[in-house]
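Here is what each chain is made of, one letter per residue.
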Amino acid sequence: MALDAASQVSVGALSAIFDERNPQVQEPIVQCVQIKPLPPQPNHPERYRAVFSDITNYVQTMLATQANHFVTSGMLKKGCFVRLKSFQANSVKGKKILIILDLEVLQELGEAEKIGEPKPLENKSDVEEKPQPTTISSNGFYGSKIQPQRVESGVQPTRSPLASTHATIYPIEYISPFSNKWTIKARCTSKSTIKTWHNRNSEGRLFSVNLLDDSGEIRATGFNEQCDMLYDVFQEGGVYYISTPCRVQIAKKQFTNLNNDYEITFERGTVVEKAEDQSDVPQVRFNFTTVGDLQSVEKDTTIDVVGVLKEVGEISQIVSKSTNKPYDKRELTLVDSSGFSVRLTVWGTTALNFSATPESVIAFKGVKVSDFGGRSLSLLSSGSMTIDPDIEEAHRLKGWYDAQGRHETFSSHASMSSASSSAGKLDRFKTVAQIREEQLGMSDEAAYFSCRATVIYIKQDTICYPACLSQGCNKKVTELDPGQWRCESCDKTHLRPEYRYIMLINVSDHTGQLWLSCFDEVGRQLLGISADELMDMRQSESNLAGEVFQEANCRTWNFRCRAKLDHYGDQPRIRYQVSSAKAINYSEEASRLMNLIQSYNLS
Ligand SMILES: [Zn+2]
């Protein structure tokens, strides 16, 4: 059996794959001599590495994820023989790697011990030093110096430069740090404005584009020189050839709404040219949520939505509390056949240049769901907007609107759940530093926020006050004579008061410290006993009372707070009032932190 199989193997095919000067074997047959899963990474699909031998040589390969099933089904195993149907050759730091896109396990050849003594593919320096496919084309050339084509006598391919540059278009899906030489053909589905930054260490400018092809999407960013050079080249909606060198790295998911593990950074030599033929690259891809379904979408989720434009608001400006910069914004009202309407905010130049007329159909890609006013939407800077797109959903909506939608009335999510929206306001989570930087409570309106902080000090001299015992009064009473506690408010005298907490506590998180004031209910929670009991204890066993404070220190809580401007004489100052305190649920907290850490992709 093994001998039979050996006669089928395409001896020498592997080295030919990496050397264009040798005749290529179409769909070579090789033996699988090793399979290993790559170390798992959270949020990444499982990847497998396989080593294939053609008896003369062996080579490391990576299976593209769509070929994983050959491993998971048990078909591809050590010793078996396969036909490599589709693959991509790469060199990483002089190491040759094949990415296997598709293969066929030749079950009729069975399995065998490793045949022969295959050797690793050697680096042939002449192959290594061959110039990158030099990026020359007759039409539109951007981004890199034209390098003189090195002529190697007799072996120079006679294909035209354009054909050689774009001979193999690489699918976006396969771009990874393992692939170092590629050209993609992709549509620019959105382009950011130029952003500038300056901090202690550096300053500069950058812009990003989202790129789309049949296989997927990826985000690409150009810094400084590449920003200057490429910004005007890209037009939203245009199709481009983009060729290496480009840096590929793990995507920073907190800055993108694309579902790709990697992202690209343009480099000095990156070549971008507009494609003549734009037709074979898909348009923006949508995954629509209906307006009616928004209620069941969690806040902060990024979605796509299509609807009929019912109203267009005037342009207005808001000043961001976190950056102090003014932003232009415009509010739109969208409706669809679910019978619901929703408000959608567009920002910046999209707001300024907004020209769609009411009753147009607009498709939005990349809008963020917020729970302000029940449910509302905000177009992300990485998102895009297409007016009257030529897609089935849009035609269907147009038909529905003309036939009946124009005369319907629509429910807004706001009317359904005003309760959840006010709860949402309270849920805005802030660190101590954010509370100060954003000057929460400095305006006329009170600001609400949550913060998670640890009690580090409780001010003990004024911890509670003697309160009236009358139902619902709680006013402060004064002791006229022993056993004569007078309430001016309800004009009664009580034998004793009921002590109620009015505490100042100092809390801390990793960003700073803050004084919070608490009333009776929160005080009971923090100290674990009532103010009455505490006052009794102070009289009789003052050392025990001290322990109550000791116990309450260094505990961590989720505080819900209200920040409001108070005036003490001429001095305005912000008072932070705790409205409720909740003990930390460590398991919830751990999963929240896990999500946060994953969004930074530090693995
Ligand atoms: Zn009273």
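Below: a short report on this structure. Values in this document were obtained by computation on a predicted structure and should not be read as measured data.

1. So, the coordination of the zinc ion
Part 1: Protein ligation of the zinc ion involves Cys 468 (SG), Cys 473 (SG), Cys 487 (SG) and Cys 490 (SG), the donor distances falling in the range 2.2 to 2.3 Å.
Part 2: Read in sequence order, the donor residues for the zinc ion give the motif C-x4-C-x13-C-x2-C. With a gap of 17 residues between them, Cys 473 in the loop between strand S22 (464–467) and strand S23 (478–481) and Cys 490 in the loop between strand S24 (484–487) and strand S25 (492–494) connect regions that are remote in the sequence.

2. Some details on empty space enclosed by the protein
Vacant regions in the atomic arrangement are exposed by a probe of water-molecule size rolled over the atoms.
Part 1: In this structure the tally under the stated criterion is two cavities of 30 Å³ or more.
Part 2: Those elements that place two or more of their residues in the lining of the second largest cavity are strand S7 (183–191) and strand S19 (376–387).
Part 3: Top contributing element to the lining of the second largest cavity by residue count: S19, with three residues.
Part 4: Residue composition of the lining of the second largest cavity, grouped by class: one nonpolar, seven polar and two charged.
Part 5: If you count residues domain by domain, the lining of the second largest cavity takes at least three from each of domain 2 (172–274) and domain 3 (291–411).

3. Some thoughts on the packing of helix H13 (residues 531–540) against helix H14 (residues 542–552)
Part 1: Contact pair H13 / H14: the axes reach a minimum separation of 5 Å and the direction vectors enclose 135°. As judged from the angle between their axes, H13 and H14 are oblique. Of the residues in H14, those in contact with Leu 534, Met 537, Arg 538 and Ser 540 of H13 are Ser 542, Leu 544, Ala 545, Val 548 and Phe 549.
Part 2: Looking at the contact of H13 with H14 residue by residue, the class counts come to six nonpolar, two polar and one charged.

4. A closer look at the sheet that holds S23
Part 1: The strand order across the open sheet formed by three strands is S23-S24-S25, and the pairing between neighbours is antiparallel. Strands at the two margins of the open sheet, each flanked by one partner only, are S23 and S25. Recorded for the sheet is a direction-independent mean angle of 40° between the axes of neighbouring strands.
Part 2: By the bridge criterion, three bridges tie S23 to S24 in an arrangement that is antiparallel. Residue pairing across strands places Glu 479 opposite Trp 485, the latter belonging to S24.

Reading the values: rules and limits
Residues numbered from 1 in each chain as written. Predicted model: local features only at pLDDT ≥ 70, side-chain atom pairs only at ≥ 80, totals over all residues. Heavy atoms only, no water. Donors = N, O, S within 2.8 Å, 3.2 Å for Na, K, Ca; no water. Helix = DSSP H or I, 4+ residues; strand = E, 2+ residues; numbered from the N terminus. 1 Å grid on protein atoms, 1.4 Å probe; cavity = no way out; pocket = protein on both sides within 12 Å on 5 of 7 lines; lining within 4 Å. Points joined across faces, edges and corners; volume = space filled by probe spheres on them. Nonpolar A, V, L, I, M, F, W, Y, C, P; charged D, E, K, R; others polar. Domains from an automatic or database assignment. Axes fitted to C-alpha atoms, helices over the stretch in contact; angles between N-to-C directions. Parallel < 35°, antiparallel > 145°, perpendicular 65-115°, else oblique. Contact = heavy atoms within 4.5 Å. Pairing = 2+ DSSP bridges.

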